[in-house]
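Understanding the architecture of this molecule
One-letter residues, chain by chain:
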Amino acid sequence: MEVITTHINADFDALASMLAAKKLSPQAVLVFPGSTEKNLRDFFIQSSFYVFQTERIKNIDLKAVKRLILVDTRQPGRIGKFREVVRRPGVEIHIFDHHPPSGEDLHGTVEEVREVGATVTLLAGILKERGIALSPEEATIMAVGLYEDTGSFTFSSTTPEDFQAAAFFLSRGANLNVVSSL
């Protein structure tokens with residue numbers, strides 16, 4: 001079993017990155033390890049814009065997980081019960097993260113880790129490089145994650161690569177009216 005997860009108290013970049021990772025690993029199951037930020041919960045309640053197929057962690061047999069794909073974090077203290085999975089020998093770990101390194105960081109068999117404004121930026125580059133199609137709805141959610149984590153491109157952590165990701169999402173039909181409303 002393959003699982004895509006993120007950090008507890010997930011935000012829009014975490015969600016966007018989970019969706020992007022799912023495009024790379026379509027057989028994987030999306031699972032939030034715990035709570036989500038209030039604005040993300042509100043979005044789920046109010047939106048019929050995009051249907052998210054996620055599984056509850058209580059329905060996941062952690063012993064059956066053979067590949068764990070982490071997005072927007074690489075710290076075991078931020079992934080809830082999935083800490084049990086990363087400690088198990090033989091589990092393949094893929095990591096996509098944009099945060100500065102820390103002493104407790106996990107390491108994976110696949111690592112895409114760079115300090116850019118948002119994790120979804122890293123995944124956008126891979127999606128573009130591989131020619132993976134996005135629906136306008138997917139592009140919109142990914143753009144929301146990008147805009148949120150870069151403070152609409154005003155945070156000092158914003159890079160040229162973030163602008164390139166925004167252009168990619170826009171070229172795939174991202175709806176800026178939705179982006180600006182969140």
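The structure we're discussing is the one just above.
The model shown is predicted, which means the values in this text are computed figures rather than measured ones.

1. Considerations on the overall build of the protein
The secondary structure content of the protein amounts to seven helices and six strands. In the protein, the order of α-helices and β-strands from amino to carboxyl end is β-α-β-α-β-β-α-β-β-α-α-α-α. Along the first, second and third principal axes, the C-alpha atoms of the protein reach 45 × 35 × 30 Å. Out of the 182 residues in the protein, the part that is buried amounts to 51%. Look at the contacts in the protein between residues 6 or more apart in sequence, and 71% of them connect residues 24 or more apart. Surface accessibility of the protein: about 8700 Å² in total, with carbon and sulfur atoms responsible for 51%.

2. Quick notes on the environment of Leu146
Residue position: Leu146 is located in helix H5 (residues 136-149). For Leu146, a relative accessible area of 0% translates into the label buried. The sequence separation of Leu146 and Ala166 amounts to 20 residues, and the corresponding C-alpha distance is 7.3 Å.

3. With respect to the sheet that holds strand E3 (residues 54-55)
Pairing within the open sheet is parallel, and its six strands lie in the order E3-E2-E1-E4-E5-E6. This sheet does not close on itself; its edge strands, each paired only once, are E3 and strand E6 (110-113). Sheet contacts for helix H4 (residues 119-130): strand E4 (67-71), strand E5 (92-97) and E6; angle to E5, the most-contacted strand, approximately 110 degrees.

4. Digging into the environment of Val113
Structurally, the position occupied by Val113 is in strand E6. Assessed through its relative accessible area of 29%, Val113 is described here as partly exposed. Sequence separation between Val113 and Thr73 is 40 residues, and the spatial gap between their C-alpha atoms is 9.7 Å. Sequence-distant contacts of Val113, defined by excluding residues within four places in its chain, comprise Arg74, Ile95, Asp97 and Leu122.

5. So, the pattern of salt bridges
Pairs can form between side chains of opposite charge once their charged atoms are near each other. Inspection of every chain in the model, using the stated rule, returns seven salt bridges. For Arg67, the salt bridge is made with Glu2, and the minimal N-O distance between the two is 3.2 Å. A residue pair is termed long-range when its members are at least 10 positions apart, and Arg67 in strand E4 and Glu2 in strand E1 (residues 2-5) qualify at 65 residues. Judged by its relative accessible area of 21%, Arg67 is partly exposed. Under the relative-accessibility criterion, Glu2 is labelled buried at 15%.

6. Some thoughts on the nonpolar core
The biggest cluster of nonpolar side chains holds 38 residues, and the ones touching the most others in it are Val120, Leu127, Met142, Leu146 and Phe169. Mapped by element, the contributors of at least two residues to this core are helix H1 (12-24), E4, H4, H5 and helix H6 (160-171). Take this core: its biggest share by element is nine residues, from H1. Residues within four places of Phe169 in sequence aside, it is in contact with Val120, Ala124, Leu134, Ala139, Met142, Ala143, Leu146 and Ala174.

7. Focus on H6
Along its twelve residues, H6 runs 17 Å from first to last C-alpha, staying within 8% of the 16 Å computed at 1.5 Å per residue. Among all positions of H6, only Asp162, Ala165, Ala166, Phe168 and Phe169 are buried. Take H6 and look down its axis: the buried residues cluster within an arc of 160 degrees, on one side only. Seen from the buried face of H6, the exposed residues on the opposite side, beyond 90 degrees, are Pro160 and Gln164. Of the surrounding secondary structure, the elements contacted by the buried residues of H6 are H4 and H5. Looking at the residues trailing H6, positive phi occurs at Gly173, about 100 degrees.

What counts, and at which threshold
- Residues numbered from 1 in each chain as written.
- Predicted model: local features only at pLDDT ≥ 70, side-chain atom pairs only at ≥ 80, totals over all residues.
- Heavy atoms only, no water.
- Helix = DSSP H or I, 4+ residues; strand = E, 2+ residues; numbered from the N terminus.
- Buried < 20%, exposed > 50% of the residue type's maximum accessible area, 1.4 Å probe, protein only.
- Contact = heavy atoms within 4.5 Å.
- Areas by Shrake-Rupley, 256 points an atom, 1.4 Å probe, with all protein chains shown as cover.
- Pairing = 2+ DSSP bridges.
- Axes fitted to C-alpha atoms, helices over the stretch in contact; angles between N-to-C directions.
- Salt bridge = Lys/Arg side-chain N within 4 Å of Asp/Glu carboxyl O.
- Core = buried A, V, L, I, M, F, W, Y, C linked by side-chain atoms within 4.5 Å.
- Expected span 1.5 Å × (residues − 1).
- Arc of directions from axis to C-beta.

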